[in-house]
Structures are given as C-alpha cells and as structure tokens.
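Below are the chains, spelled out letter by letter.
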2 protein chains.
Amino acid sequence: MNDNGNPARFDDASAAEKPLTRIQKLNRRKILEAALEVFSANGFRGSTLDQIAAEAGLSKPNLLYYFPSKEAIHGELMIGLLDTWLAPLRAMNPQGDPRAEIMGYMRRKLEMSREMPRESRLFANEMLQGAPRMADDLGHDLKTLVDAKAQVIRDWIDAGQLAPVDPHHLIFSIWALTQHYADFEVQVRAVLGPETDPFEGAGQFLDMLFERLLAP
Amino acid sequence: MNDNGNPARFDDASAAEKPLTRIQKLNRRKILEAALEVFSANGFRGSTLDQIAAEAGLSKPNLLYYFPSKEAIHGELMIGLLDTWLAPLRAMNPQGDPRAEIMGYMRRKLEMSREMPRESRLFANEMLQGAPRMADDLGHDLKTLVDAKAQVIRDWIDAGQLAPVDPHHLIFSIWALTQHYADFEVQVRAVLGPETDPFEGAGQFLDMLFERLLAP
DNA sequence: ATGCAATCTGACCAGCTGGTCAGGGTCACG
DNA sequence: CGTGACCCTGACCAGCTGGTCAGATTGCAT
C-alpha cells in the first residue's frame, strides 16, 4: 500500500510508475465508461457517485479505491477530451487541396457527432458552465491551434483557392453545425420524426452548404 | 390564507384569479430573474435554492412562499421559453421575399443570442439532458411549427426562388450557427481573444454564408 | 500452501439541499 | 387606528451525497 492507500495513478516524475494490474485496467475502464455515460447525460453536478457505481457495476467505495474523488474521475475524462476533440482539426493538411481538406474536416467532425455523442455532450456541458475545469487549456492550446489553422486557411484564400471568408468563423461554423446534431439530438429527432436518420440528411446538407460557401 | 398557504398563482379555470399585489409582482420578477441567472449557468440539478435566494436578495423560505418548489420556478421559466425561442420563426412570412425572410430570421436569431445568452443556455441545458421537462412540447408544438415553415420553404424552392436545400436542415443550421455564439461563448472568446466582439464577425460571416447557400 | 499486497465492502459520517412550520412583522383599507 | 390578510424569517428536518475506515476477501508470487 502506498502513502495514500490507493494504487499508483499519478504521472509526476517523483512517483514510481507502477504498471497497472489486470484488474486495475479493467475496473478503471469500467468506471470511466460509466462516468462518461452519466456525466454526459446529467452534467458534473447532476451526476452522483452512486449512479456511476451502479452503471459500472461496482460499489461506491470501490470507485473511490480507484479514483480519489468525483472530481478526479471527471478530470480524467476531461484530460483526453479536448485532444480527441481537436484531433481532426490538427489533421488538416496545409499541403492538401484546400476545399478537400476543409470538407474532410467537416465530415470527420460530423462523423464524431454520430459516433461519439456522449463525448460531444460532455464537452458541451463543460462549455455551457463556462468551462471551469478547462479554462487554462482553452486560452492556450486551443487558441494556438486554431490560430495556426486559421492562418493556413487565410493563405489558401490569398492564393485564390477559397472564397474570402473569415477563417475563425469558418471553423466555428463547422463546430456549430456538426456538434448540433449530437448535442441537440432530442430536438432534431423530435422535428424529423422517429423514422428519419438525422445524420444522413445532415451529411448531404452540409456538403452542399460548404461547397457553396467555399467556392472561390 | 388559501388552502396551501401560498398566494394564488394558478391559471386553471376553477381557481379565482386574484390579481397580483405590487409586492408579489416585484418579488416574483426578482426570483425569476435570479433563477434565470443561476439555472442557465449551472443547470437545474447544479443550482440550489440558496444560490437563487442570494441572487434575488431574498430568503430561501421567502422563495418558497412565492413558488411551491424548485421545480415550479424552473417550470415557470420553461413555460415562456420555447415560445419566446420560436417567435422569430413564427414571424417568418410566407408572402414575403424568400431570401429576405430567411436572412431576417437568421439575423433575429443571432440578435437573440447576443441579447439573451442566458435564455439560450437555459434552453441548451434542457436539450443536453434530453429535455425531460419539455419532451411533450417538443414532439407537438415544435414539430408542427417547423413542419409548417419547412413546407413554406419547400414552396419557395419549387418556385425557383431558393436553392434546393433540405428545409429542415436549413432551419437546424440557423439554430446551430446562431446559438453556438451564446452557448459556447467561452470557447469563442477564448479563440478570438478578449479584444474582438464575436457577434460582429459572426454577423458578417453568416450573412455571406446564407447569401451563398440560398442563391438559386 | 503460505503470506503479503491488492481488492472490495458495510457501516458510518458531516455537510448540503429542498422543503416545512410556527410565529412575528407589515401593509392596505375601512 | 384597528384588523385581517399579506409578507417574511429563524429554526428545524429528513434524505441525499461525497467521502472515510476498519476489516474481510481475493489474487498472486514464491
């Protein structure tokens, strides 16, 4: 047993990095999966450890054996989230064809809304509350990346390969249009009816929208 | 004192409709204003009566003198919200000029994001949680209105006055693009920096986007 | 097999939260 | 100026919530 009675889970240089046991890997995965489900549906404050424990099929004290607190579970989810979320933007290639790159980014982002709606809602929840647990990364990592990609887009525009649109707002529009289908899914489904797949129509609509917007 | 010890506040036909006193009007307004502030920032579950009471400058028991429960306060806010929110769509005139009507709707919606970000976030919070307190209205009122307006748009398209876009997704795109600036304000401001007014750039960008999208 | 670390649990706790209540102060109207 | 309805509060309560702990149980290396 180490100094706090919990298994090693810290990254700081001083702590010896014990490898996770089979059970640790399994249960930490179960907990994070359950936490994603619960936090994304109810927000941080609206979720309880009991709900997460039930969803994970573990007891509450056992949750707190693997994570020191509710905050820590949420934090662990947050750590990867921004990175995962921005990966498609990072993948936008300055050497590629401008329209294809932007359309590709939009399509990947829409795909993420379809495949990872819980992550999208977890992110949206955090933003709605003013991103209290993310503010640092927002001002730094996010702005740096977006500014860099905005410059790439500006260069494309200056080269006459794209219509002259504000690059920042272009990126915002991709975020808004794609994430809407995950975050406001209830509303979208209520309007379209239970038969229709929102993402099919969305894909066609967004293709057309960005084709028309970006043509020089 | 009436049967439940609280001032009359029900609309049902049976109850005699006592006019609100000066103090009742004042304090109910204070409470709802405070509740909007708190609920929109923290969600329903994340907000406490103590926070609302403090924000309103009243005591917690006094809050519960004017409203029977936390749910009731939230409900009162919700009642008007969907209507307020959809009013600009309702105002879209089938006899007007198609492009001008849709652009006008978009601009009014963007204006609402600027002027009423708290209402926008309250709405977004509700949607994110799956609209547990709104599901009925969603399936009924909302779908009816949107379907009607979608038909109007479809007629415009058939008359060759608009580009052939899916009317439902066109409406979704207006919602997504305008509400994003209220709901994800932290993110937008983090990227643009503290100097820039997001709504100025947004107005220009969205004008251009919808001009290009809608031209037949 | 044995012994130690890892894993797990029931019982418990303190603080918070929505809500109640008895009673005291205040307002408006005759 | 009196009086009844209206307005407000401190004190309180029960249930929930995040978190602790002593000890029981299990897994695993030798």
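Scroll up a little and you will see the structure.
Description of the structure in this document. (Residues numbered from 1 in each chain as written. Chains lettered and ligands numbered in written order. Predicted model: local features only at pLDDT ≥ 70, side-chain atom pairs only at ≥ 80, totals over all residues. Heavy atoms only, no water.)

Digging into the nonpolar core
Counting residues in each nonpolar core, the largest one holds 138 residues, and the members touching the most others are Trp175 and Phe210 of chain A together with Trp175 and Phe210 of chain B. When neighbours within four sequence positions are excluded, phenylalanine 210 of chain A is seen to be in contact with Met103, Met106, Leu170, Ser173, Ile174 and Leu177 of chain A. (Core = buried A, V, L, I, M, F, W, Y, C linked by side-chain atoms within 4.5 Å. Buried < 20%, exposed > 50% of the residue type's maximum accessible area, 1.4 Å probe, protein only. Contact = heavy atoms within 4.5 Å.)

What about the protein's contact with DNA strand D?
In the vicinity of DNA strand D lie 21 residues, with Lys70 of chain A together with Thr21, Gln24, Arg45 and Tyr66 of chain B positioned nearest. For DNA strand D, the fraction of protein-proximal atoms (within 4 Å) that sit in sugar or phosphate groups is 66%. At a separation of 3.1 Å, a phosphate oxygen of DNA strand D approaches a polar side-chain atom of arginine 22 of chain A. One of the side-chain N or O atoms of asparagine 62 of chain B is found 3.3 Å from a sugar or linking oxygen in DNA strand D. Listing elements by their share of the surface near DNA strand D, those giving two or more residues are helix H3 (60-66) of chain A together with helix H1 (22-46) and helix H3 (60-66) of chain B. (Near = heavy atom within 4 Å. Polar contact = N/O pair within 3.5 Å; in protein donor to acceptor, adjacent residues only side chain to side chain. Helix = DSSP H or I, 4+ residues; strand = E, 2+ residues; numbered from the N terminus.)

Focus on the interface of chain A and chain B
With 54 residues of chain A at the contact, the number on the chain B side is 54 residues. With both sides pooled, the region where chain A packs onto chain B buries about 4700 Å², and carbon together with sulfur makes up 70% of that total. Where chain A packs against chain B, one counts zero salt bridges. Linking chain A to chain B there are 10 residue pairs in polar contact (both at pLDDT 80 or more). Sorting elements by how many residues they give to the side of chain A that touches chain B places helix H8 (residues 167-183) of chain A first, with 12 residues. Of the residues contributing to the side of chain A that touches chain B, the split by class is 31 nonpolar, 16 polar and seven charged. (Buried area = accessible area lost by both parts, 1.4 Å probe. Salt bridge = Lys/Arg side-chain N within 4 Å of Asp/Glu carboxyl O. Nonpolar A, V, L, I, M, F, W, Y, C, P; charged D, E, K, R; others polar.)

Describing the protein's contact with DNA strand C
Residues in close proximity to DNA strand C total 21 residues, the closest being Thr21, Gln24, Arg45 and Tyr66 of chain A together with Lys70 of chain B. Sugar plus phosphate: this is where 64% of the atoms of DNA strand C within 4 Å of the protein reside. The contact in question runs from a phosphate oxygen of DNA strand C to an N or O atom on the side chain of asparagine 27 of chain A, over 2.8 Å. A distance of 2.7 Å is found between a phosphate oxygen of DNA strand C and a backbone nitrogen or oxygen belonging to lysine 70 of chain B. Elements with a contribution of two residues or more to the surface near DNA strand C: helix H1 (22-46) and H3 of chain A together with H3 of chain B. Per-class residue counts for the surface near DNA strand C are eight nonpolar, eight polar and five charged.

With respect to the packing of helix H6 (residues 117-128) of chain A against helix H6 (residues 117-128) of chain B
Between H6 of chain A and H6 of chain B, whose axes approach to 11 Å, the crossing angle comes to 155°. Here H6 of chain B runs roughly antiparallel to H6 of chain A, going by the angle between their axes. The chirality of how H6 of chain A crosses H6 of chain B is left-handed. Here H6 of chain A contributes Arg121, Ala124, Asn125 and Leu128 of chain A to the contact with H6 of chain B, which in turn contributes Arg121, Ala124, Asn125 and Leu128 of chain B. Tallied by class, residues from the contact of H6 of chain A with H6 of chain B come to four nonpolar, two polar and two charged. (Axes fitted to C-alpha atoms, helices over the stretch in contact; angles between N-to-C directions. Parallel < 35°, antiparallel > 145°, perpendicular 65-115°, else oblique. Left-handed = near helix turned anticlockwise from the far one by under 90°.)

Topic: unusual backbone geometry
Comment: phi is negative for the bulk of residues other than glycine, and the bulk of peptide bonds are trans. A positive phi angle is found at alanine 131 of chain A, which is not glycine, with a value near 55°. Within the secondary structure layout, alanine 131 of chain A lies in the loop between H6 and helix H7 (135-158).

Comments concerning the packing of H1 of chain B against H6 of chain B
Residues and elements named next belong to chain B. Look at H1 against H6: their axes get within 8 Å of each other, and the N-to-C directions meet at 50°. Relative to H6, H1 is oriented oblique. Crossing of H1 over H6 shows left-handed handedness. Counted together, Glu33, Leu36, Glu37, Phe39, Ser40 and Gly43 of H1 and Arg118, Glu119, Arg121, Leu122 and Asn125 of H6 form the full contact between these two elements.

Considering the relation of the copies chain A and chain B
Mapping chain A onto chain B calls for a screw motion: a turn of 180° about the axis and a shift of 0.0 Å along it, with 0.0 Å RMSD after fitting. Such a combination of rotation and displacement between the chain copies is what one expects of a two-fold axis. A share of 100% of interface residues in chain A that are also interface residues in chain B marks the association as one of identical surfaces. (Least-squares fit on C-alpha atoms with pLDDT ≥ 70 in both.)

Comments concerning the packing of aromatic side chains
A complete count under the given rule lists 12 aromatic pairs over all chains for this structure. Between the aromatic rings of tyrosine 181 of chain A and phenylalanine 199 of chain A, the centroid separation amounts to 6.1 Å while the plane-to-plane angle is 50°, which identifies the pairing as tilted. With tyrosine 181 of chain A in helix H8 and phenylalanine 199 of chain A in helix H10 (residues 198-214), this residue pair connects regions lying 18 residues apart in the sequence. Chaining the aromatic ring pairs together yields one cluster made of Phe172 and Trp175 of chain A together with Tyr181 and Phe199 of chain B. Directly above the ring of phenylalanine 44 of chain A sits lysine 70 of chain A, whose terminal nitrogen or CZ lies 4.5 Å from the centroid. (Phe/Tyr/Trp six-rings, centres within 6.5 Å; stacked < 30°, edge-to-face > 60°. Lys NZ or Arg CZ within 6 Å of the ring centre and 35° of its normal.)

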